[in-house]
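These are the residues of each chain, in order.
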Amino acid sequence: MSVPRPLAEDPRPNLYGLSRDALASLLSSFGVPAYHGDQIARWLYARRAFDPALWTDLPKPLRERLRRETAVAPPRAASRVTAADGTVKYAVTLPGGGAVESVYMVQRERVTLCVSSQVGCALDCDFCLTGKMGFVRHLTPGEIVGQVAMIQEDRALSETPFNIVFMGMGEPLHNYEGVVAAYRILTDPAGFGLSRRRITLSTSGLAPAIERLAREPAPPRLAVSLNATTDAVRDRIMPINRKYPIARLLEACRRYASATKERITFEYVLLLGVNDSDADVSRLKALLRRHSAKLNLIPFNAVPGWLDYRPPPRDRIVAIRDRLLAEGLPVSIRWSRGADARAACGQLALLPEVPS
Ligand code: SAH
Ligand code: SF4
């Protein structure tokens, strides 16, 4: 069996992850008509055929030249763990070196793929295992879309509609260029051909990047990790808040919602004794009242030995939801999925079981 060479050792340009335009300009530099770029995009992203020898609608000499002078190096699944609820967590080997995790989830027929945007994360939220890894590097567009292709292949999703959430490892708006380029390939009709409504980007709140994203053509759905109702608490658990405090963040969200005409989802990780008081519930209501927003309550997922928090008891979580529902806020609880495979929110990291 041939083992794909890591791109780090392969000086040839990697076609996987190039947009249609980038493929066209590479072909122009070969002195070949640019429209072949559309055909190559279809082979790479719509049909997942990675050997140029298979690209039968291209002239044979071009196929041979591509095989010699370019590489097609998507990321590969190194291992997979299946949780009791059917969630599958993949460890993915990256062509540019290193690894990330991606997750496949099914809930009432609804399939969601959770992808990573960085190796590690620079934002250092205190309740998040990925944050404990620190920042290693940004993923390339090919390393992002390749996680989707890898799960499509492994789960035989050719006919099944699915959603994509940028809620794996990393802060997608810190890797703005890479993530937007990946989003373009995912929504390109000659690429993965996905509807933008099926793609949600989750951010910890990089306000200027949220505003920049709002100005992109056809931007994705947005989820924002609020996680606290006062700057004092948010400063402590999410250091990014010291740069973009809650009022600044909510202003960026308001602009995003008005540019996209779509509701933002706010995420709120419930941490016992930190952000779950009655006063928090009242403030949450007041903060979100002016936004046409949905709220997802996420009970904290523990990682013993690593994270020093606990979730509130189940009846308290339900009571918080019911109080907010009574106020007319669309709110749901995102009960953990895949926790026994350490695949739940905030549990993604390639770390040993317990710190030494
Ligand atoms: N960096 C982005 C996306 C990845 S984190 C962001 O922060 O939004 C995805 C979600 O997991 C975020 O809402 C985050 O607040 C949440 N999360 C992080 N650690 C968690 C934990 N231990 N338990 C539950 N949710 C967690
Ligand atoms: Fe990074 Fe998101 Fe984890 Fe914060 S919650 S450390 S932004 S991955």
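Everything numeric here is computed off the predicted structure, so don't read it as measured data.

Let's talk about the overall build of the protein chain
Part 1: On a plain count of helices and strands, the protein chain comes out with eleven helices and twelve strands.
Part 2: For the protein chain, the C-alpha radius of gyration of 21 Å lies close to 21 Å, the compact-globule estimate for 356 residues.
Part 3: With the C-alpha coordinates aligned to their principal axes, the bounding extent of the protein chain is approximately 70 × 45 × 35 Å.
Part 4: Taken over 356 residues, the protein chain has a buried fraction of 53%.
Part 5: For the protein chain, the proportion of contacts with a sequence separation of at least 24, taken over those separated by at least 6, is 65%.
Part 6: Counting only carbon and sulfur atoms, one obtains 52% of the accessible surface of the protein chain, whose full area is about 15,800 Å².
Part 7: For the protein chain, the distance from the average position of its 48 positive side-chain charges to the average position of its 36 negative side-chain charges is 4 Å.

Here's the deal with the site of ligand 1
Part 1: Around ligand 1, 21 residues are found, and the nearest of them are Phe127, Gly170, Ser202, Ser225 and Asn301.
Part 2: Between ligand 1 and the protein, one listed contact pairs an oxygen atom with a side-chain N or O atom of asparagine 227 at 3.1 Å.
Part 3: The backbone of asparagine 301 places a nitrogen or oxygen atom 2.9 Å from a nitrogen atom of ligand 1.
Part 4: Contact with the protein chains hides 95% of the accessible area of ligand 1, taken as 530 Å² for the molecule alone.
Part 5: Elements with a minimum of two residues in the shell around ligand 1: β8 (199-203), β10 (264-270) and β11 (293-299).

Here we look at the packing of helix α10 (residues 278-289) against helix α11 (residues 314-326)
Part 1: For the pair α10 and α11, interaxial distance at closest approach is 10 Å and the crossing angle is 35 degrees. Every pair of crossing elements has a handedness; the one defined by α10 and α11 is right-handed. Two secondary-structure elements touch here, α10 through Asp278, Val281, Ser282, Leu284 and Lys285 and α11 through Arg316, Ile320, Arg323 and Leu324.
Part 2: Within the contact of α10 with α11, the residues separate by chemical class into four nonpolar, one polar and four charged.

Details of the side chain of glutamine 118
Part 1: Secondary-structure assignment places glutamine 118 in strand β5 (residues 118-120).
Part 2: At 3.1 Å, the side chain of glutamine 118 forms a polar contact with the side chain of histidine 138.
Part 3: In terms of polar contacts, glutamine 118 uses its side chain to reach the backbone amide nitrogen of glutamate 171, at 2.9 Å.
Part 4: When near neighbours in sequence (up to four residues on either side) are disregarded, glutamine 118 contacts Val100, Phe135, Arg137, His138, Leu139, Met169, Gly170, Glu171, His174 and Asn175.

Focus: the environment of arginine 289
Part 1: Within the secondary structure layout, arginine 289 lies in helix α10.
Part 2: The exposure class assigned to arginine 289 is exposed, which follows from its relative accessible area of 63%.
Part 3: Note: C-alpha distance between arginine 289 and arginine 65 (224 residues apart in sequence) is 59 Å.

So, a positive patch on the surface
Part 1: Positive charge collects at one region of the surface, where Arg110, Arg198, Arg263 and Lys294 lie side by side.
Part 2: If you trace the backbone, arginine 110 turns up in strand β4 (residues 110-114).

Examining the sheet that holds strand β12 (residues 331-333)
Part 1: Overall, mixed pairing links the ten strands, which are arranged β1-β2-β3-β4-β7-β8-β9-β10-β11-β12 in an open sheet. Strand pairing shows two members of the sheet lacking a second neighbour, β1 (76-82) and β12, which therefore form its edges. Taken pair by pair, the neighbouring strands of this sheet meet at an average axis angle of 20 degrees, ignoring direction.
Part 2: Examined bridge by bridge, strand β9 (residues 221-225) and β10 share three bridges and lie parallel to one another. Looking across to β10, one finds that serine 225 is bridged to glutamate 267.
Part 3: Strand contacts of helix α5 (residues 141-154): β1, β2 (88-93), β3 (99-107), β4 and β7 (162-166), with the helix running at about 50 degrees to β3, the strand carrying the most contacts.

With respect to empty space enclosed by the protein
Rolling a probe over the atoms, with the probe sized like a water molecule, indicates the empty space that remains.
Part 1: The tally for this structure, following the rule as stated, stands at three cavities of 30 Å³ or more.
Part 2: Here the second largest cavity is characterised by a volume of approximately 50 Å³.
Part 3: Residue lining of the second largest cavity: Phe166, Val179, Val180, Tyr183, Ile199, Leu201, Leu213 and Pro220, and that is the complete set.
Part 4: Looking at which element gives the most residues to the lining of the second largest cavity, the answer is helix α6 (residues 176-187), with three residues.
Part 5: Partitioned by chemical class, the residues of the lining of the second largest cavity number eight nonpolar, no polar and no charged.

Focus: the nonpolar core
Part 1: Ranked by size, the top nonpolar core spans 113 residues in total, and within it Trp55, Phe127, Phe192, Phe266 and Leu295 carry the most contacts.
Part 2: Considering each element in turn, this core owes the most residues, seven residues, to α6.
Part 3: Among all residues touching tryptophan 55, those that are not within four sequence positions of it are Leu15, Ile40, Trp43, Leu44, Ala49, Phe50, Arg63, Leu66 and Val72.

Re the environment of glutamate 177
Part 1: You can see glutamate 177 is positioned in helix α6.
Part 2: Put simply, glutamate 177 and proline 141 are 36 residues apart on the chain and 8.5 Å apart in space, counted from C-alpha to C-alpha.
Part 3: Here the side chain of glutamate 177 touches arginine 212 through a polar contact of 2.9 Å, side chain to side chain.

What counts and how
- Residues numbered from 1 in each chain as written.
- Chains lettered and ligands numbered in written order.
- Predicted model: local features only at pLDDT ≥ 70, side-chain atom pairs only at ≥ 80, totals over all residues.
- Heavy atoms only, no water.
- Helix = DSSP H or I, 4+ residues; strand = E, 2+ residues; numbered from the N terminus.
- Rg over C-alpha atoms; globule rule 2.2 N^0.38 Å.
- Buried < 20%, exposed > 50% of the residue type's maximum accessible area, 1.4 Å probe, protein only.
- Contact = heavy atoms within 4.5 Å.
- Areas by Shrake-Rupley, 256 points an atom, 1.4 Å probe, with all protein chains shown as cover.
- Lys, Arg positive; Asp, Glu negative; His and termini not counted.
- Charge placed at Lys NZ, Arg CZ, Asp CG, Glu CD.
- Near = heavy atom within 4 Å.
- Polar contact = N/O pair within 3.5 Å; in protein donor to acceptor, adjacent residues only side chain to side chain.
- Axes fitted to C-alpha atoms, helices over the stretch in contact; angles between N-to-C directions.
- Left-handed = near helix turned anticlockwise from the far one by under 90°.
- Nonpolar A, V, L, I, M, F, W, Y, C, P; charged D, E, K, R; others polar.
- Patch = residues over 30% accessible without salt bridge, like charges linked within 9 Å, V, L, I, M, F, W, Y side chains within 5 Å.
- Salt bridge = Lys/Arg side-chain N within 4 Å of Asp/Glu carboxyl O.
- Pairing = 2+ DSSP bridges.
- 1 Å grid on protein atoms, 1.4 Å probe; cavity = no way out; pocket = protein on both sides within 12 Å on 5 of 7 lines; lining within 4 Å.
- Points joined across faces, edges and corners; volume = space filled by probe spheres on them.
- Core = buried A, V, L, I, M, F, W, Y, C linked by side-chain atoms within 4.5 Å.

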